[in-house]
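A look at the structure
Okay, here's what each chain looks like letter by letter:
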Amino acid sequence: MIDFWWRPLLVFCALIAVALSAALFWGLMVAMLVFIAGLLFYLGYHLRQMAAFAAWLQHGERARIPTASGAWDEIFYGLDRLMRRQKRSTSKLSAVLERFEHAAQAIPDGIVMLSDADQIDWFNPAASRHFGLDENTDRGQFIGYLIRQSAFHEYLSGDDYREPLIMKSPANREMSLSVQMVPFGDKQKMLISRDITQFEMVEAMRRDFVANVSHELRTPLTVVGGFLETFLDMGSIPPEDFHKYCDLMQQQTERMRRLVDDLLTLSRLESPQNRLVEARVDMVSLVQSLYQDAQSLSAGRHQISLVSESSDALLGNADELTSALGNLVSNAVRYTPEGGTVVLRWGWRGEALCFSVQDSGEGIEAQHIPRLTERFYRVDRGRSRETGGTGLGLAIVKHVLTRHQGRLVIESKVGQGSCFSACFPLSRVVKSAD
Ligand code: ADP
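Before going further, it helps to examine the state of the cysteines. Using the criterion set out here, one finds 1 disulfide in the structure. For Cys354, the disulfide goes to Cys423, at an S-S distance of 2.2 Å. Here Cys354 and Cys423 share a disulfide; its torsion about the S-S bond, 110 degrees, makes the bridge right-handed. One end of the pair, Cys354, is in strand β10 (residues 352–359); the other, Cys423, is in strand β12 (residues 417–424), and 69 residues separate them in sequence. Taken individually, Cys354 and Cys423 each receive the classification buried, so the pair is uniform in this respect.

Written out as C-alpha cells, the structure is:
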C-alpha cells in the first residue's frame, strides 16, 4: 500500500512546492493556475494510461501487457505476474484433465456419467461399444431411452445398487454385460459396464464339462451297481453267470479307468505349471512302435502298412507325442470296419513334417470336422462307446500339438475314409545326419 501511495504523494508535494515558489515570485493567482495546470496534467497522464489499459482489456494480445510508466507500470507488472501464474495453473489443470481423458479412453470397462435426472453427461469409448452410444447424438439424452430393457429400467429406478445387473448388450446380442451403478456427488451417478462374454462362455464350458463327466461315469457305475445288487439279492449264482457278470463289470470299470486317465492327462496338459520337457524324440522308432500297436489293436481285422519317408527326429516330449499320435492310430483302427486299410506315414508335407494316418473307414461329414477336438464331441456316440472311446482323444491330440507348435489337419470324405495328420514346424525338426 505504502509502495503505491508514495508516488502520488510525491507528485502532490512537488506541485505544492512549485505553486508556493510561484506565489513568492508572481503572486497567489499565478500560483493557483500553476497548481491547477499541474493537477490537470497529472489527471491527463492517468486518463491516458487508463485508456491504454481499457484498450488492451478489450482487444489487446493477452500475452503482451502494454508498457507504462510510474504507478501504472507497477499495476501492469502485477497483472502480468498474475496472468502468468494463472496460465501455469490452467495448463497444469488441462494436463491433468488430458491424462484423465486418456486413462478413461484406455479403460476396458465402460463408464457413463449421469446427471441427477439420469441424462448422459459423458461416456468413454468402451461404454459406447457396450451400449451402442453415439458421441454426436446421445449426450444429454435420458439413459432409459437408449437402453430399452425392462431389467435395466427396474435397476435404474430402484435404489439398491449393491449387486451388478447382468444383461445383454443393446448393441450386440452376443455380448453379455455386468453393469453397476455407482452414486456420487450431488445425486449424480456413474454407470460402470464390463464385458463378461468370455467369462460366461468359460462358465458354460465348465458346467457342460461337469455334466458330461458325470454323465459318462453314471452309465458304468449303474451297470456295476446293478450287478452287485443282483449278487446280493440272489445269494448264490451259477459259476458261468458269475463269470459273465464279472466280465461285464470289468469292462465297465475299465471304461471308467480310461475316462479318468484321459481326464488326468488333459488336466496335466492344461496346467500352466506343467512346462514342456523337451528332448530329441526318435520318430522312426516311435512310428514303428505305433505301427505295432495298430497291429495288435486290429488283431488282423485290417490291412495296416507303414510308410516312413523321413529319418528326421523331433524336438519334443516323447510321452506326450506317443499319447497324441497313438490316439490317431487307435481312432483309425476303431472307426474302420473289418477288412479296411490303415496307412501310417511319416514324412514331409510342404514346409511341415507330418505323421499321417489314412484309413478307409466311414469318413466324417464336413460339418463335424471343426468340432472334433472339443471334449466329448462324437459323431457317433454309440460307436465311440462300443469301441472303448472316451470322447477326449482328439482334445488331447490338439493340446499336445499346440504345446509343440504343431497343428492337426483333418481331411475326410464320407464313404471313402479319413486322413488325420499331425504336422510340426521346421523349428521342431532335428535333421538326421544322412
Ligand atoms: P473317441 O474316444 O470318441 O474316439 P476322439 O476325441 O478320439 O473320441 O474322437 C472324436 C470323434 O471323432 C469320435 O467320436 C469319432 O466320431 C470321430 N473320429 C475320430 N477319428 C475318426 C476316424 N479315423 N474316422 C471316423 N471318425 C473319427
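Back to the text.
Let us look at the sheet that holds strand β8 (residues 313–316). The antiparallel open sheet is built from 3 strands, whose spatial order is β6-β8-β13. On the outer flanks of this sheet lie β6 (279–281) and β13 (429–430), each paired with one strand and no other. When β8 meets β13, the two strands line up antiparallel, connected through 2 bridges. Residue pairing in the sheet places Ala313 in a bridge with Val430 of β13.

Taken together, the side chains of Leu24, Phe25, Trp26, Met29 and Val30 define a hydrophobic patch exposed on the protein surface, amounting to about 680 Å² of accessible area. Mapped by element, the contributors of at least two residues to the nonpolar patch are α1 (2–26) and α2 (28–59). Sorting elements by how many residues they give to the nonpolar patch places α1 first, with 3 residues. Relative to the assigned elements, Met29 resides in helix α2. Residue Met29 is classed as exposed on the basis of its relative accessible area, which comes to 64%.

With that settled, the discussion passes to empty space enclosed by the protein. Under the defined criterion, the tally for this structure stands at 1 cavity of 30 Å³ or more. Of the voids in this model, the largest cavity is the one considered here, and its volume is about 60 Å³. Around the largest cavity sit Glu216, Pro220, Arg255, Met256, Arg258, Leu259, Arg378, Gly388, Gly389 and Thr390, which together line it. Those elements giving two or more residues to the lining of the largest cavity turn out to be α7 (197–234) and α8 (239–270). Among the elements that line the lining of the largest cavity, the one with the most residues is α8, at 4 residues. Among the residues forming the lining of the largest cavity, the class breakdown is 3 nonpolar, 3 polar and 4 charged. Formed jointly, the lining of the largest cavity draws a minimum of three residues from each of two domains, domain 3 (201–270) and domain 4 (279–430).

Reading the values: rules and limits
- Residues numbered from 1 in each chain as written.
- Predicted model: local features only at pLDDT ≥ 70, side-chain atom pairs only at ≥ 80, totals over all residues.
- Heavy atoms only, no water.
- Disulfide = S-S within 2.5 Å.
- Helix = DSSP H or I, 4+ residues; strand = E, 2+ residues; numbered from the N terminus.
- Buried < 20%, exposed > 50% of the residue type's maximum accessible area, 1.4 Å probe, protein only.
- Pairing = 2+ DSSP bridges.
- Patch = residues over 30% accessible without salt bridge, like charges linked within 9 Å, V, L, I, M, F, W, Y side chains within 5 Å.
- Areas by Shrake-Rupley, 256 points an atom, 1.4 Å probe, with all protein chains shown as cover.
- Salt bridge = Lys/Arg side-chain N within 4 Å of Asp/Glu carboxyl O.
- 1 Å grid on protein atoms, 1.4 Å probe; cavity = no way out; pocket = protein on both sides within 12 Å on 5 of 7 lines; lining within 4 Å.
- Points joined across faces, edges and corners; volume = space filled by probe spheres on them.
- Nonpolar A, V, L, I, M, F, W, Y, C, P; charged D, E, K, R; others polar.
- Domains from an automatic or database assignment.

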